[in-house]
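One-letter residues, chain by chain:
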Amino acid sequence: MTQRLSVVVPVFCNETTLVELRDRVSAALQTIDELDFEIIFVDDASTDRSWSVIEAMALADPRVVG
């Protein structure tokens, strides 16, 4: 039976680290058998390009939600 896991990540002005964070979290979760996951990034009114990065990641990877 496949389990579903949601990882919620609060974001505030982290545009330079978001892709690396997504890559590391995804790599770690992919090692777990029978696990389906999503990574939910919640932007808290960042003044940088964090939301644009989240949108681009969500378009490229259906497991990423913004």
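Residues numbered from 1 in each chain as written. Predicted model: local features only at pLDDT ≥ 70, side-chain atom pairs only at ≥ 80, totals over all residues. Heavy atoms only, no water.

**Comments concerning the nonpolar core**
Here is the rule: Residue types Ala, Val, Leu, Ile, Met, Phe, Trp, Tyr and Cys, when buried and joined through side-chain atoms within 4.5 Å, form a set referred to as a nonpolar core. Partly exposed describes any residue whose relative accessible area lies between the buried limit of under 20% and the exposed limit of over 50%, with all areas from a 1.4 Å probe on protein chains only and scaled to the type maximum. In this text, helices come from DSSP runs of H or I with a minimum length of four residues, and strands from runs of E with a minimum of two, each type numbered from the N-terminal end. Contacts are assigned to residue pairs that have any heavy atoms within 4.5 Å of one another.
Formed by 13 residues in total, the largest nonpolar core has its most connected members in Val11, Leu18, Ile39, Phe41, Ile54 and Met57. Here the element with the most residues in this core is strand E2 (residues 35–43); it accounts for four residues. Apart from the residues lying within four places of it in its own chain, the contact partners of Ile54 are Val11, Leu18, Phe41, Asp43, Val64 and Gly66.

**Side note on helix H1 (residues 18–30)**
Quick reminder of the rule: The span you would expect from a helix comes to 1.5 Å times its residue count less one. Along the arc lie the directions from the helix axis toward the C-beta atoms.
Taking 1.5 Å per residue, 13 residues should reach 18 Å; H1 reaches 18 Å between its end C-alpha atoms and fits that length. Of the positions making up H1, those classed as buried are Leu18, Arg22, Val25, Ser26 and Leu29. Buried residues of H1, seen end-on, are gathered within an arc of 100° and therefore sit on one face of the element. Looking at the packing, one finds that the buried side of H1 touches strand E1 (3–11), E2, helix H2 (50–60) and strand E3 (64–65).

**Re unusual backbone geometry**
The phi dihedral of Cys13 is positive, around 55°, even though this residue is not glycine. Among the structural elements, Cys13 can be located in the loop between E1 and H1. The backbone of Ala45 shows a phi angle near 60°, a positive value even though the residue is not glycine.

**Description of H2**
Residues Ser50, Val53, Ile54 and Met57 constitute the buried set of H2. Here the buried residues of H2 occupy an arc of 100° about the axis, which is enough to place them on one side. Where the residues of H2 are buried, they touch E1, H1, E2 and E3.

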